[in-house]
Structures are given as C-alpha cells and as structure tokens.
Amino acid sequence: MRIPLDYYRILGLPLAASDEQLRQAYSDRIVQLPRREYSQAAISSRKQLIEEAYVVLSDPKQRSTYDHLYLAHAYDPDNLAAAAVALENSPESTKRGSNTQSLGIEITQDELVGALLILQELGEYELVLKLGRPYLVNKNGATSPRKGNNLADEEIHESAEHPDVVLTVALACLELGREQWQQGHYENAAISLETGQELLVREGLFASVQAEIQADLYKLRPYRILELLALPQEKTAERSQGLELLQNLLEDRGGIDGTNNDDSGLNIDDFLRFIQQLRNHLTVAEQHKLFEAQSKRPSAVATYLAVYALIARGFAQRQPALIRQARQMLMRLGKRQDVHLEQSLCALLLGQTEEATRVLELSQEYEALAFIREKSQDSPDLLPGLCLYAEQWLQHEVFPHFRDLANQQAFLKDYFANQQVQAYLEALPTDAETTNEWAVINPQNFPQPQTNNLPFPKNSTRTPKQFNHNRTPDLDLPDTPEYSNFSPPMWNSSGNVKSEVPAAERTSRGTKEHLNGSVKSATPAHNQKRRRRKPAPSPIRERLPDNRPHSRRPRRRRTFANTIEGKTRLVWRVFISLVSILVFWVLATTTFGWLKNVFFPTRSVPVSQLFVQINQPPISIPDPNSPPQGLDGSLTDAAAEEIIRTWLSTKAEALGPNHEIDNLEQILTGSALSQWRVIAQQARSDNRYRKYEHSVKVESVEKIDLFADRATVVATVKEATQLYENGQFKNSSNENLRVRYDLIRQRGKWRIQSASVVNQIIR
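Counting of residues starts from 1 at the beginning of each chain's written sequence and follows it residue by residue. This being a predicted model, a pLDDT of at least 70 is required before a residue's local features are given, and a value of 80 or more before pairs of side-chain atoms are given or counted; all residues contribute to the totals for chains, interfaces and linings. Remark: hydrogens and water are excluded; side-chain values derive from all non-hydrogen atoms of the structure.

(A) Seen up close, a nonpolar patch on the surface. A cluster of nonpolar side chains, contributed by Trp572, Phe575, Ile576, Val579, Val583 and Leu587, occupies part of the molecular surface with about 610 Å² of accessible area. One can find tryptophan 572 in helix α28 (residues 552-599). With a 1.4 Å probe rolled over the protein chains alone, any residue whose accessible area is under 20% of its type maximum counts as buried; one over 50% counts as exposed, and the rest are partly exposed. Since its relative accessible area comes to 53%, tryptophan 572 is described here as exposed. Here, patches come from residues exposed beyond 30% relative accessible area and free of salt bridges, joined within 9 Å for like charges and within 5 Å for nonpolar side chains (Val, Leu, Ile, Met, Phe, Trp, Tyr). Per-residue and other accessible areas follow the Shrake-Rupley method at a 1.4 Å probe size, with only the shown protein chains counted as cover for residues. A carboxyl oxygen of Asp or Glu within 4 Å of a side-chain nitrogen of Lys or Arg is what we treat as a salt bridge. Only runs of H or I of at least four residues qualify as helices and only runs of E of at least two qualify as strands under DSSP, and these elements are numbered from the N terminus.

(B) Summary view of the packing of aromatic side chains. When two rings of Phe, Tyr or Trp (its six-membered ring) have centres within 6.5 Å they constitute a pair, described as stacked for plane angles under 30 degrees, edge-to-face for angles over 60, and tilted for the intermediate range. Tallying each qualifying case throughout the model produces 17 aromatic pairs. Relative to tyrosine 223, the ring of tryptophan 181 has its centre 5.6 Å away and its plane inclined at 70°; by these criteria the two rings are edge-to-face. Remark: tyrosine 223 occurs in helix α11 (residues 207-229) and tryptophan 181 occurs in helix α9 (residues 162-182); sequence separation between them is 42 residues. An identical accessibility class is assigned to tryptophan 181 and tyrosine 223; each is buried. Arranged with centres 5.2 Å apart and planes meeting at 65°, the rings of tryptophan 647 and tryptophan 676 form a pair that is edge-to-face. Of this pair, tryptophan 647 sits in helix α29 (residues 637-654) while tryptophan 676 sits in helix α30 (residues 670-685), and the two are 29 residues apart along the sequence. Look at tryptophan 647 and you get buried, because its relative accessible area is 5%. Each member of the aromatic cluster is reached from another via a ring pair, and the members are Tyr7, Tyr8, Tyr66 and Tyr70. Lysine NZ or arginine CZ positioned within 6 Å of the ring centre and within 35 degrees of the ring normal marks a charge as sitting over the ring. When the ring centre of phenylalanine 402 is taken as reference, the NZ or CZ atom of arginine 279 above it lies at 5.9 Å. A cation sits over an aromatic face here: arginine 318 above phenylalanine 315, 5.3 Å from the ring centre.

(C) Quick look at the sheet that holds strand β6 (residues 749-760). Between any two strands, pairing holds if DSSP finds at least two bridges. Overall, antiparallel pairing links the 4 strands, which are arranged β3-β4-β5-β6 in an open sheet. A single partner strand is all that each edge strand has here, and the edge strands are β3 (688-703) and β6. Pairs of neighbouring strands in the sheet enclose a mean axial angle of 30°, with direction left out of account. Bridge count between strand β4 (residues 710-725) and strand β5 (residues 728-746): 16 bridges; the pairing is antiparallel. By the bridge assignment for β5, threonine 712 is matched with aspartate 742. Throughout, a residue-residue contact means that at least one pair of heavy atoms, one from each residue, lies within 4.5 Å. Lines fitted to C-alpha atoms define the axes here, with helix axes fitted over just the stretch in contact, and angles between the N-to-C directions of these axes take values from 0 to 180 degrees. Sitting on the sheet, α29 touches β3, β4, β5 and β6, and the angle it makes with β3 is about 165°. Contacting β3 and β6, α30 runs over the sheet at an angle of about 75° to β6.

(D) Geometry of α9. Working rule for helices: expected span equals 1.5 Å times residues minus one. Spanning 21 residues, α9 covers 30 Å between terminal C-alpha atoms, matching the ideal 30 Å at 1.5 Å per step. Among the 21 residues that make up α9, 16 are buried, leaving the element largely enclosed by the rest of the structure. A positive phi of about 90° marks glycine 184, the residue just after α9.

(E) Molecular detail of the nonpolar core. Core analysis: the largest hydrophobic core is formed by 73 residues, its most contacted members being Ile256, Phe274 and Leu278. In terms of residue count, the dominant contributor to this core is helix α15 (residues 300-316) (14 residues). The contacts of leucine 278, once residues within four sequence positions are left out, are Ile225, Leu226, Leu229 and Leu246. Here, the term nonpolar core denotes a set of buried Ala, Val, Leu, Ile, Met, Phe, Trp, Tyr and Cys residues that are joined through side-chain atoms within 4.5 Å.

(F) Examining the pairing of β6 more closely. The pairing of β5 with β6 spans 10 bridges and is antiparallel. By the bridge assignment for β6, arginine 740 is matched with serine 756. Taking the residues between adjacent antiparallel strands as the criterion, β5 and β6 are bridged by 2 residues, where arginine 747 takes a positive phi near 55°.

(G) Quick look at the pattern of salt bridges. For the structure on display, the rule yields 25 salt bridges. The salt bridge involving arginine 9 is made with glutamate 124; its shortest N-O contact spans 2.9 Å. Taken together, the residues arginine 9 in helix α1 (residues 7-11) and glutamate 124 in the loop between α7 (112-121) and α8 (125-131) connect sequence positions 115 residues apart. Accessibility expressed as a relative area gives 28% for arginine 9, which makes it partly exposed. For glutamate 124, a relative accessible area of 29% gives the class partly exposed. One salt bridge connects glutamate 212 with arginine 35, and the closest N-O pair in it is separated by 3.3 Å. Placement of glutamate 212 in helix α11 and of arginine 35 in the loop between α2 (19-31) and α3 (40-58) is noted, with a sequence separation of 177 residues between them. By relative accessible area, glutamate 212 is classed as partly exposed at 24%. Using a relative accessible area of 30% as the deciding quantity, one classes arginine 35 as partly exposed. Within the structure, one salt-bridge network assembled from shared partners comprises Arg35, Glu37, Glu175, Arg178, Glu212 and Asp216.

(H) Inspection of the pairing of β4 at higher detail. Where β3 and β4 come together, 15 bridges link them in antiparallel fashion. Bridge pairing links serine 700 to valine 714 in β4. Turn length for the β4-β5 hairpin, with the two strands adjacent in sequence and antiparallel, is 2 residues, and the turn residue asparagine 726 shows positive phi of about 55°.

(I) Inspection of unusual backbone geometry at higher detail. Backbone torsion omega between arginine 297 and proline 298 reads 10°, so that peptide bond is classified as cis. Of note, proline 298 is situated in the loop between α14 (284-294) and α15.

(J) Up close: the packing of helix α12 (residues 236-253) against α14. Running from N to C, α12 and α14 cross one another at 15°; their axes reach a closest spacing of 12 Å. It follows that α12 is roughly parallel to α14 by the angle criterion. Crossing of α12 against α14: the hand is right-handed. For the pair α12 and α14, the contacting residues are Arg239, Leu243, Leu246, Gln247 and Leu250 in the first and Glu286, Leu290 and Gln294 in the second. Throughout this entry, Asp, Glu, Lys and Arg are counted as charged residues, while Ala, Val, Leu, Ile, Met, Phe, Trp, Tyr, Cys and Pro are counted as nonpolar. The remaining residues, Gly among them, count as polar. For the contact of α12 with α14, the per-class residue count stands at 4 nonpolar, 2 polar and 2 charged. The labels follow the angle: roughly parallel below 35 degrees, roughly antiparallel above 145, roughly perpendicular from 65 to 115, and oblique for the rest. Crossing handedness is read from the near helix: turned anticlockwise from the far helix by less than a right angle, it gives a left-handed crossing, and turned clockwise, a right-handed one.

(K) Helix α10 (residues 186-203), seen in detail. If you check α10, its first and last C-alpha atoms are 26 Å apart, about what 18 residues at 1.5 Å a residue would give, namely 26 Å. Among the 18 residues in α10, 14 count as buried, and that is most of the element.

(L) Looking closely at the environment of leucine 360. Tracing the backbone shows leucine 360 in helix α18 (residues 353-360). When its relative accessible area of 0% is taken as the criterion, leucine 360 is described as buried. Through-space distance from the C-alpha of leucine 360 to that of glutamine 343 is 7.9 Å; in sequence the pair is 17 residues apart.

Laid out in structure tokens, this is it:
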C-alpha cells in the first residue's frame, strides 16, 4: 500500500532543515507517544517509519537524492526523467520511499497503523478516514447511510493491527468533529462524531473513547438544535430532526426549568437563554405545540411562553378560542405574579371591555399604564389607550419572537372585522359571568427550580412609546438572532426562579346575581354621553352595542368618594395609634424609673476629699540639676541600644540554623523587612546558615522635630560571623562597623525601617 507521506512530513521538518534540527526533530518524535489505548505493535510501527525517515535524511548522499526527487515533484511534476535516473543510482532504502510518479512511501499491511498514527498527528483526519475506510464498513458489507463518511463496500479479514486501526479511525472522526464544531458546522460535526462512535460500538472496542465521543455529542446537542431549526421552513426533514433533538433534550432535563443533568453543560439560567434564543427560529404553531406540552409538567416558564404563543396564533389566525385558552393559563400564574396587563389584553381581544378595564386597574405596570392613560385623556375610560397599546404590544413584543409572524402587521380593526371572530365573541359569556369565572379558579403551587432569573418579569418595564424589537417581554434574557453566535459563554449566568404551576384548574360560571354591588360599581361603564360621541378609533366600539345601564356612572363616583374616605380614616387610625404608642412608652418609662428608685434606691458612693496643702505642691517638682527623664515611649540611648541588640539577635535567629524568618516582623518594617526576609529565604533555599557574635555601642540618638515617631540612631557594631554550607564550615569574618539605623514608632513600639553602613572602622 502506498500512502502520501514524505520523510520531511514524518519528522515535521522543512526541506532546508539543518542536521541539528533533524536530530532534534527525530528525538522529539521518538519521545512523543500516542494515546495509552494503542498496543505496543502500533507504537513500534510508528517508530519504525520515523527511524526510516531519519536514516535517509541523516545520510548526505541519500538526502541529496531524495531532495532531488522531492523538488522534481514539487516544481516539475510532468518531467520526471531526471528523477528516474537519480532513483536508479540511489540506495535501496531511498528506493523504498520514493516513486517517480507520486511522492509517497510504500508500506506493508503491518505498517498501516503506524502510518495512520503519523497522519493523525499531522492533522490529516480526512486522509486517515480515506485510508482506513475498510474498517468503517458494517459487518454485513453495507456502508453507513450518513453522508460524508466515504466508506468502502468491501470487508477485510480480522488482523492483529485491526483494533489499532479502528481506534485511529475513530479518533480521526473525533478530532474532525471537534474541528468542524469550532468552524460552526455543528451538524457535520455530529455526523463525524456519530460515525466514530458507531464504529467503536460495532466493533465493541475502547469504551472510554466511546464515552468521550458521547460526551461531546451531548454538549453539541444545543448547537445542532439551533442550526437545524434555523434552516428554511422548506427543509422539513432537517427541522423535524431538530425538534426531535429538542424534545429529547427537554426529556433529559425534566422540562424547561428542570434540574436533571442532560450533560450539555448548561445550568438553568443558561438553558433559559438557550430557549429564548431558540424561539426566534420556531413558528407560532411549533411554539404552541412545544410549550403547551411542557406546561403540563408543570412548568411556570413553559406556561408563560405558551400564553404568548396562544395569543400570537389566536390573533394572527383569527382564532379567539386560543386567546381564551391563554387567559385561562394566565389565571394559574396570577397568584404570585403580576399578569394583570396580559389578562387585560386577553379580555380586550375577547371583546370584554369592562373586564379588560377592571383588570387593567389592578396592574402594577406603571409605564404601560401611563401610556394608556395618556392616550385615553379625552375618553371617560381607558379603552382607546388600551387598544392602541394592544396593537403596539402585539407588533413589537409578541410577533418578533415567531419566525413566521416577524413581519406581520397587527390591526385590531381587521381582527374584529373577521366574521369568525365576531361569531365566537357573540357566543361568549357576559362580562359579569367572566368576572365570576375568573374568581373561582383554584390555583395550586408550582415547583420552585433554583435559578436567579424569574421566568417572566414581575414588573416588566414596557415602554409603549419606544417599542424595541430587542426587548424580551417574557424572559429576562438576551435575544440572539443568529445561531452562529450561540456559545456557552453567552449563556453563562446564575440565579433563582420562584414560580408556581397548578396541577389542575377548575372553572365555574356564575350569573349577574352572584356578583355583589362593589364589583359592579368598580366596573367601568359607558354612559349616554359616550354613545353620542364621534366613533372612536377602537373597532370594539363599532361592533359592541352599549346596552349597559347608565346609572352606573354616579355609583362609580360614590365608590371613588367612599374609597377616599376609607383611606382618610385609615391614615387617621395609623396616626392615632402611633401617638398612643408614644404616650404609653413615655408613661411606662417614667413609672418604671419611679418604681426602681422606690424599691431599689441607689447607694451613694463616698467621695474622699483631696488633701491639698497651701505650702506644698500637689505633685513633686523635680530637681533642676537632675537629668531629664523621657516621656512614655520616648527613645533614650538605653532604649535605642536595646532595640539594636534585639535586631542583631533576631538577625542571628533568621540567618541561623533554624531560619526563624517570621521573627523579623517583630523588629523590622518597611523596606528593611522585605530585604532581610528575601535574604533569609535565599539562605534557607541554598542550605546556608551563619552564627553571629555581636557587641553594640550607641554613639548618638537624633530625633526629628517634625515627626515625633521617627528617630535616627548611629551605633558601633562589632560582628563576628561563621558561615556554614550544607552543614560544613566554610569561612569566618570579623567586622567593626559604624551603622546608621532609621527607626519609626508603630503602635507604641519602635522598629527599624532601614539601616546603612556609615563606614568600616579599621584598627
């Protein structure tokens, strides 16, 4: 068998390599060993080829002949006559590795694994697959159905080198898959990895390599899903494969906010970002089917995403039943999450204007409410602003997250003009019945996965005046429209999700008789004046007749007034309660002090009078002729000499046999401490130590007037030193030095900041 390898590539050398470079490359290649799974025969085969290349290139005559043939192939592949003549005069070893038609080496079947090993080390993974393709054939002789494998149809007989060749081909698939992964070709990378895995599984070899490939396939799965689902909608087979991979991934995790380990390397927050990024590649029908199924686990995140899918699909396809289903799912989330704005929009799209206005007043979305009120200034209720907000909300916050609705316009007028929509809305219950239906929902608890990001914002910052396509209405996650930018660092985050999902829901309907008066009075109504106004832009007013009683407007005013009176009474009650508490505290404190003085009188402490004589001073006055005494902590000659002696003894301990370096901090500071610490550590690492004998005599102590905590001491130091290395005596010295010490007082203790030799005293 002939393989396209030359001796220079085997050794990893250029054509002009020197003899020294040749020897170094040969040594490095011999020392470098392949993976531990290879047999000794495979390692010997590789070594044999490396030695053969070195023998030819290390001999000047053989190298000259080989270089001539090499250059002939490189620069004049059509004229090989001169190369053929040179080859006839070359030694046998050169003939074995040369050919006038193609530059390569001839190998035996036993040397195949060594050649494949060298090609793999050179990064020629596709060439390894081409040469080792007989080992990729199924046992029945049929090739793998996957494209790009280039498998042959023939079977070969089992041989001793068979496991090593199988391992080399599988590792080539592994490395080729990782290379394609880095290039962003995720599906091709999966094909390469699965090809290597199938080969090892079929042969029943190298379980550790199988596990390594499987780990890469698990980590590659999110990338494959994004790549497949980002394909055009016409490629249904590939996109169906992506949806199947997504379903398997969700099953392994236990849902969108599940905590099971799917071996993808994504934590909960990273996976939520992945789902948010994935939504831009799914149609509204695909999201509806996916998230509605996941919401039954139950899952708060999936429930919220299903709500958006139902609203988008119901509006775009004129199916109000889907919007009503979304409203019922919002009831499950309403116990601990503020979804009143979404509920109000659902009621609006179902033609239930009173219900929409009532629920809207419960919302805490202050920016959205400000926009709605601004657009409803000339109206007795909030319907005009709510209609305008609904159109912009659908256009800029809902539709952009569905690939088939991103460019669709949202007009309420067209929606309500649809005959199917009108027929469904006419059959719906009245506003009062709807209110009762909403009131009897029995929400249940959601599981609480551990994540920092809420599945949807409790107080989302909607800015109707500036609707941004990059804003995420349902998940507080960054949008990433391009799947090629999908990477774990972009997903990286941490946090806690606290949400609730009901296991079941029960709905019941009531009649107007079941509602109390407060609910009716709080419900906004239209009066006769509104009916005489010009038609508003809202299509709801054009369609819905205003047959409500006109007496509700005064009742609403009374309700508002009663609300103000109730708030005023509440404020007064709080104020009076605070005053009462303050008065009670003062009385209790006073009473407690009086009782304490009565039952536990405080004994008076006897005070001794100072004995002062007129003719004697309170303290003794020192004799003017006596030497002055320093204040507490001041530096005297004796104190300075004690400090210098302490330093010399500490120095002897730090540089002595035991190297007590930590004691330097007790006497040194600043640059002196760092300098002597380095000296002591170096002596300890060199296994050297010294023995000292010192004598000290302080000559002067100079204090700095501006700095009371600084002083300079000049002293004569006699130092006898004996040096030992590795426990053996080396030499000795005896010096008589005049040394200047700069001292500083820190926390009431004098330390040496720096020291320098003034001169050496010679006697």
